[in-house]
Amino acid sequence: MAARLWCLRGLLRALGPRPFSAQASPLQAEQHGTKRPEPSSAKTLLDIGTRRIFSSDHDIFRESARKFFQEEVLPFHAEWEKDGQVSRELWEKAGQQGLLGVAIAEKHGGIGADILSSAVVWEEQMYVNCTGPGFSLHSDIVMPYIANYGSEEQIKRFIPEMITGKCIGAIAMTEPGAGSDLQGIRTYAKKDGNDWILNGSKVFITNGWMSDVVIVVAVTNREARSPAHGISLFLVENGTKGFIKGRKLNKIGLKAQDTAELFFEDVRLPASALLGKENKGFYYLMAELPQERLLIADMALASCEFMFEETRNYVKQRKAFGKTVAHLQTVQHKLAEMKTQICVGRAFLDNCLQLHADKRLDSPTASMAKYWASDLQNSIATQCVQLHGGWGYMWEYPIAKAFVDSRVQPIYGGTNEIMKELIARDIVSDK
């Protein structure tokens with residue numbers, strides 16, 4: 001195991017980002033110059049070795065990630081759904097396998113691979129239809145804030161432990177009265193000498209129950225000329241006096257993902273708990289949200305690919321009127337429509353992933369990806385349940401879980417209505 005992990009880490013570091021001008025394309029990097037098949041012409045949408053944004057090194061990593069999710073996650077997920085959380089042991093196994101903090105720079109204690117390697121992990125999790133592990137939020141939302149804006153002390157304190165899975169991260173933005181409107185946040189941190197006193201509450205926090213460190217978004221200047229100019233980020237550790245974890249929330253989907261309420265009652269924080277600069281938190285959030293939205297979009301598209309293959313297999317086996325359902329022309333046409341929609345979406349998503357790998361993905365484009373892919377995910381889920389008939393409504397069927405899990409995707413990470421607003425602003429802007 002140790003030798004295998006060493007090899008995988010070496011492989012991932014070789015996949016690390018390089019300057020744009022010097023970066024060879026994945027096609028140029030392919031062994032023997034073999035062209036990679038497009039998903040539309042592959043045997044299945046889940047095949048390894050497709051998609052031109054990836055290289056053969058990414059394929060090796062994908063094989064390892066797929067094996068991990070099939071062996072260490074899928075067999076235990078039903079039990080975790082009952083518990084409302086995955087196990088601590090799983091997090092540490094993921095760390096041992098090199099699946100956490102994949103794209104965090106090696107100089108910060110991360111693995112140092114590219115964002116496409118992170119996408120491999122996102123996609124492989126969706127390909128087993130297991131939404132419980134909050135790896136993507138931990139690795140590609142929380143950790144970048146610490147790596148990009150944290151002090152040397154904060155980076156050394158948290159990143160290595162988060163890479164191993166021994167320290168689980170969360171980010172607390174949403175409040176009972178403030179969701180997509182981040183400027184409506186009421187949680188307040190007040191200066192007291194060199195310390196800060198934090199008061200407020202947060203809700204719908206992924207990894208909240210199991211979290212060891214939480215990035216808390218709070219107002220620090222109520223007199224600022226606009227709310228955006230008076231928001232800061234704080235690192236709050238589990239066990240800090242006054243930091244209270246509420247109940248695990250009972251959701252209609254994402255049953256194995258711990259989602260919690262968090263309360264902060266006169267929490268005293270040292271100056272060293274401030275992440276980045278005072279009153280700059282809103283700008284940090286705006287800089288990091290495109291990656292969060294890209295992540296949601298790619299996982300949504302991967303879920304579509306999973307649901308399509310699950311449904312294709314089902315209709316080829318299910319019999320009605322003396323033959324398999326797949327022989328019915330209406331079903332065949334529905335499958336043709338869905339595959340076309342998914343492949344069109346995949347082409348756009350892969351373009352966004354490559355843009356982000358080249359540090360060229362802007363906020364409106366990320367918003368397009370998030371809104372389009374999550375809407376498509378819900379459309380595909382509805383159609384696939386219909387093709388399963390009554391069995392699609394049974395919890396033991398994977399398509400039923402995929403259906404309920406898909407519903408939150410257009411809501412979190414900024415509602416799709418907000419995504420359209422951001423896209424529209426860019427369209428009508430005179431800049």
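Residues numbered from 1 in each chain as written. Predicted model: local features only at pLDDT ≥ 70, side-chain atom pairs only at ≥ 80, totals over all residues. Heavy atoms only, no water.

**Student:** Looking at this structure, how should I read the nonpolar core?
**Tutor:** Note on soluble globular proteins: their nonpolar side chains tend to be buried together. Among the nonpolar cores identified, the biggest contains 102 residues, and Tyr145, Ile171 and Ile215 are the most heavily contacted of them. The element contributing the most residues to this core is helix α9 (residues 281-317), with 18 residues. Ile171 has contacts with Leu137, Ile141, Val142, Tyr145, Ile205, Val214, Ile215 and Leu285, leaving out every residue within four places of it along the chain. Counting residues in each nonpolar core, the second largest holds 18 residues, with Ala170, Ala189, Val214 and Leu262 among its members. (Core = buried A, V, L, I, M, F, W, Y, C linked by side-chain atoms within 4.5 Å. Buried < 20%, exposed > 50% of the residue type's maximum accessible area, 1.4 Å probe, protein only. Helix = DSSP H or I, 4+ residues; strand = E, 2+ residues; numbered from the N terminus. Contact = heavy atoms within 4.5 Å.)

**Student:** What is the right way to look at the side chain of Arg293 in this model?
**Tutor:** Tracing the backbone through its elements, the reader meets Arg293 in helix α9. Within the buried set, Arg293 has no salt-bridge partner at all; the shortest N-O distance to an opposite charge, 6.4 Å, is to Glu292. Excluding residues within four positions of it along the chain, Arg293 makes contact with Ser363, Ala366, Ser367, Lys370, Gly413, Gly414, Met419 and Leu422. (Lys, Arg positive; Asp, Glu negative; His and termini not counted. Salt bridge = Lys/Arg side-chain N within 4 Å of Asp/Glu carboxyl O.)

**Student:** How should I be thinking about the environment of Glu421 in this particular structure?
**Tutor:** Among the structural elements, Glu421 can be located in helix α13 (residues 416-428). It is 32 Å that separates the C-alpha atoms of Glu421 and Val102, two residues lying 319 residues apart in sequence.

**Student:** Would you take a moment to explain the pairing of strand β5 (residues 231-237) for this structure?
**Tutor:** Working note: regular strand, side chains alternate between the two faces of the sheet. By the criterion of burial, β5 is predominantly enclosed, with six of the seven residues buried. Strand direction decides the pairing type here: strand β4 (residues 213-219) and β5, joined by seven bridges, are antiparallel. In the sheet register, Val216 faces β5, and the bridge partner there is Phe234. Looking at chain direction, β5 and strand β8 (residues 274-275) are connected through two bridges and run antiparallel. Across the sheet, residue Phe234 finds its bridge partner in β8, namely Leu274. (Pairing = 2+ DSSP bridges.)

**Student:** Where do I start with the pairing of strand β3 (residues 195-206) in this structure?
**Tutor:** Bridge count between strand β2 (residues 188-192) and β3: five bridges; the pairing is antiparallel. Bridge pairing in β3 links Tyr188 to Asn199. Judged from the eight bridges that link them, β3 and strand β7 (residues 259-269) form a sheet pairing that is antiparallel. By the bridge assignment, Leu198 is partnered in β7 with Val267.

**Student:** What exactly am I supposed to notice about the environment of Gly112 here?
**Tutor:** Residue placement: Gly112 occurs in the loop between α5 (88-96) and α6 (115-127). Sequence separation of Gly112 and Gly16 is 96 residues, and the distance between their C-alpha atoms is 5.3 Å.

**Student:** Before we go on, may I ask you to explain unusual backbone geometry in this structure?
**Tutor:** A negative phi angle characterises most non-glycine residues, just as the trans form characterises most peptide bonds. Phi is positive for Phe204, close to 60°, though the residue is something other than glycine. Turning to its location among the elements, Phe204 is positioned in strand β3. Exposure remark for Phe204: the relative accessible area of 56% places this residue in the exposed category. The residue Phe321 is not glycine, and still its phi comes out positive at about 60°.

**Student:** Even after reading the chapter, I still don't get the pattern of salt bridges, so can you show me in this structure?
**Tutor:** Side-chain pairs of opposite charge can arise where the charged atoms are in close proximity. Per the counting criterion, the structure on display carries 26 salt bridges. Here Glu175 ties to Lys202 by a salt bridge, and the two come within 2.9 Å at their closest N and O atoms. Taken together, the positions of Glu175 in the loop between β1 (169-172) and β2 and Lys202 in strand β3 put the pair 27 residues apart, joining distant regions of the chain. Asp195 is the salt-bridge partner of Arg268, the closest N and O atoms lying 3.0 Å from each other. You can see Arg268 sitting in strand β7 and its partner Asp195 sitting in strand β3, a full 73 residues away along the chain. The class for Arg268 is partly exposed, based on a relative accessible area of 43%. With relative accessibility at 22%, the residue Asp195 sits in the partly exposed group. Sharing partners across several salt bridges, the network here consists of Arg51, Arg62, Arg66, Glu123, Glu124, Asp298, Glu305, Arg346 and Asp350.

**Student:** It is not clear to me how the packing of helix α11 (residues 363-388) against α13 should be interpreted in this structure. Could you clarify?
**Tutor:** In a pair of packed helices, the angle between the axes and the distance between the axes together describe the arrangement. Put simply, α11 and α13 touch, their axes get as near as 9 Å, and they point 145° apart. Here α11 runs over α13; the crossing is left-handed. Across the interface between the two elements, Pro364, Ser367, Met368, Lys370, Tyr371, Ser374 and Asp375 from α11 touch Asn416, Met419, Lys420, Leu422, Ile423 and Asp426 from α13. For the contact of α11 with α13, the per-class residue count stands at six nonpolar, three polar and four charged. (Axes fitted to C-alpha atoms, helices over the stretch in contact; angles between N-to-C directions. Left-handed = near helix turned anticlockwise from the far one by under 90°. Nonpolar A, V, L, I, M, F, W, Y, C, P; charged D, E, K, R; others polar.)

**Student:** Is there a simple way to explain a nonpolar patch on the surface in this structure?
**Tutor:** A cluster of nonpolar residues, Trp391, Tyr393 and Met394, forms a patch on the protein surface that exposes about 360 Å² of accessible area. Within the secondary structure, Tyr393 is located in the loop between α11 and α12 (398-406). (Patch = residues over 30% accessible without salt bridge, like charges linked within 9 Å, V, L, I, M, F, W, Y side chains within 5 Å. Areas by Shrake-Rupley, 256 points an atom, 1.4 Å probe, with all protein chains shown as cover.)

**Student:** Where do I start with helix α8 (residues 152-164) in this structure?
**Tutor:** Because the α-helix completes a turn every 3.6 residues, residues three or four places apart line up on one side. Along its 13 residues, α8 runs 19 Å from first to last C-alpha, staying within 8% of the 18 Å computed at 1.5 Å per residue. Every buried residue of α8 is accounted for by Gln154, Ile155, Phe158, Ile159, Met162 and Ile163. After α8 finishes, the residue Gly165 shows a positive phi value of roughly 85°. (Expected span 1.5 Å × (residues − 1).)

**Student:** Sorry if this is basic, but what is going on with the packing of helix α7 (residues 135-149) against α8 here?
**Tutor:** Packing of α7 against α8 brings their axes to within 10 Å, and their N-to-C directions diverge by 165°. Put simply, α7 runs roughly antiparallel to α8. In this structure, the crossing between α7 and α8 has a hand that is left-handed. Across the interface between the two elements, His138, Val142, Met143, Ile146 and Ala147 from α7 touch Gln154, Ile155, Phe158, Ile159, Met162 and Ile163 from α8. Residue composition of the contact of α7 with α8, grouped by class: nine nonpolar, two polar and no charged. (Parallel < 35°, antiparallel > 145°, perpendicular 65-115°, else oblique.)

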